[in-house]
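Per-entry structural report
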Amino acid sequence: MARKPSGRGGWEWSRTAQTRRTMLEAAREVFCAHGFADAAISEVVERAGSSVGSLYHHFGGKTELFLALWEEHEGAHEKAATASVAEAKAAGVDDPVELFIAGARAFLAGSWERRDLARLFMDGDGPPGFDLMRRTRRRDWVRQNAVLLALGGEPIDRLTVAVLTTVIGEAGREVATSEDEAEAQEVIDAAIELIRRFDRAAATT
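Note that the coordinates shown come from a computational prediction; the quantities given were computed from them, not determined experimentally.

So, on to a nonpolar patch on the surface. Together, I156, L159, V163 and F198 make up a nonpolar patch on the protein surface, roughly 340 Å² of accessible area in all. The residue L159 is located in helix α8 (residues 155–176) in this model.

Helix α6 (residues 115–123) packs onto helix α4 (residues 62–90) with a crossing angle of 115° between their chain directions and a minimal axis gap of 11 Å. Our pair here, α4 against α6, has a crossing hand that is left-handed. Along the contact surface, α4 presents F66, L69, W70 and H73, while α6 presents L117, A118, L120 and F121. In terms of residue class, the contact of α4 with α6 is built from seven nonpolar, one polar and no charged.

Let's shift gears to the packing of helix α2 (residues 41–48) against helix α3 (residues 52–59). Two elements in contact, α2 and α3, have axes whose closest approach is 9 Å; the angle formed by their N-to-C orientations is 100°. Taken as axis vectors, α2 and α3 run roughly perpendicular relative to one another. Between α2, through I41, V44 and V45, and α3, the contact on the second element is made entirely by V52, L55 and Y56. For the contact of α2 with α3, the residue count by class is six nonpolar, no polar and no charged.

Tallied over the entire structure, the rule returns 15 salt bridges. Across the pair D116 and R28 runs a salt bridge, and its minimum N-O distance is 2.8 Å. Here the residue D116 occupies a position in helix α6, and R28 occupies one in helix α1 (residues 7–38), the gap between them amounting to 88 residues. One salt bridge in this structure joins R137 and E74, with 3.7 Å as the shortest N-O distance. One end of the pair, R137, is in helix α7 (residues 130–148); the other, E74, is in helix α4, with 63 residues separating them in the sequence. Under the relative-accessibility criterion, R137 is labelled partly exposed at 24%.

Before going further, it helps to examine the nonpolar core. In terms of nonpolar packing, the biggest core is built from 23 residues, with F31, V44, L55, L65, F66 and F121 touching the most fellow members. Secondary structure elements with two or more residues in this core: α1, α2, α3, α4 and α6. It is α1 that contributes the most residues to this core, seven residues altogether. Apart from the residues within four sequence positions on either side, V44 is in contact with M23, A26, A27, V30, L55 and L65. Among the nonpolar cores identified, the runner-up in size contains 22 residues, and A104, L108, W112 and I192 belong to it.

Another aspect to go through is the packing of aromatic side chains. The tally for this structure, following the rule as stated, stands at eight aromatic pairs. Here F31 and F66 contribute two aromatic rings whose centre-to-centre distance is 5.2 Å and whose plane-to-plane angle is 90°, an arrangement assigned as edge-to-face. Taken as a pair, F31 in helix α1 and F66 in helix α4 lie far apart in primary sequence, 35 residues in all. The pair formed by F31 and F66 is uniform in burial state, with each residue classed as buried. Consider the rings of F66 and F130, whose centres lie 5.1 Å apart with planes at 85°: the pair is edge-to-face. Within this pair, whereas F66 is found in helix α4, its partner F130 is found in helix α7, the two being separated by 64 residues in sequence. You'll find F66 and F130 in the same group, each marked buried. Among the aromatic residues, ring-to-ring pairing joins F31, F36, F66, W70, F121 and F130 into one connected group.

The rules we used
- Residues numbered from 1 in each chain as written.
- Predicted model: local features only at pLDDT ≥ 70, side-chain atom pairs only at ≥ 80, totals over all residues.
- Heavy atoms only, no water.
- Patch = residues over 30% accessible without salt bridge, like charges linked within 9 Å, V, L, I, M, F, W, Y side chains within 5 Å.
- Areas by Shrake-Rupley, 256 points an atom, 1.4 Å probe, with all protein chains shown as cover.
- Salt bridge = Lys/Arg side-chain N within 4 Å of Asp/Glu carboxyl O.
- Helix = DSSP H or I, 4+ residues; strand = E, 2+ residues; numbered from the N terminus.
- Axes fitted to C-alpha atoms, helices over the stretch in contact; angles between N-to-C directions.
- Left-handed = near helix turned anticlockwise from the far one by under 90°.
- Contact = heavy atoms within 4.5 Å.
- Nonpolar A, V, L, I, M, F, W, Y, C, P; charged D, E, K, R; others polar.
- Parallel < 35°, antiparallel > 145°, perpendicular 65-115°, else oblique.
- Buried < 20%, exposed > 50% of the residue type's maximum accessible area, 1.4 Å probe, protein only.
- Core = buried A, V, L, I, M, F, W, Y, C linked by side-chain atoms within 4.5 Å.
- Phe/Tyr/Trp six-rings, centres within 6.5 Å; stacked < 30°, edge-to-face > 60°.

The analysis is restricted to geometry; functional conclusions fall outside its scope.
Here it is, written out as structure tokens:
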């Protein structure tokens, strides 16, 4: 059972967390429906049953609200992938490619579960500087994958990681735009098969 906050401070923290959660959910609906540029703060606060002043108090503005949603989405991807890799290791998997695949499956599953956000952040508009933030996050993702795949710093190693990371990123786009869950699963299976083929081809060269 979840522990209830105790005392006035705990109650205030709980209420603040709930207010932020409600605003984020309302923002998700509005941004996904209209994109960043056309989204109206007034619609967000109306859906949240709050006020403009409260929104600015908790997030600072429209840009910060958008980025908070993005960070939460990216964090969910990372958490799921990390947990899946850890679970695979605990089950005795030690092949780097299979560990990469475990993380990739979790990422792609999240792309379907949060497909509205995936579409928004992959193809939608964003606040000034958002494209740079996405590119920086992708470079971080490539570095993490290089560690997971146990590859070095040679040009062929860097290219391998970049290609495999791109495969997963593009598969995530296809998953998020799938008509239904069955189609999304077909895309996921195809992406995993492509990774395995790439690995087999690389092993013979």
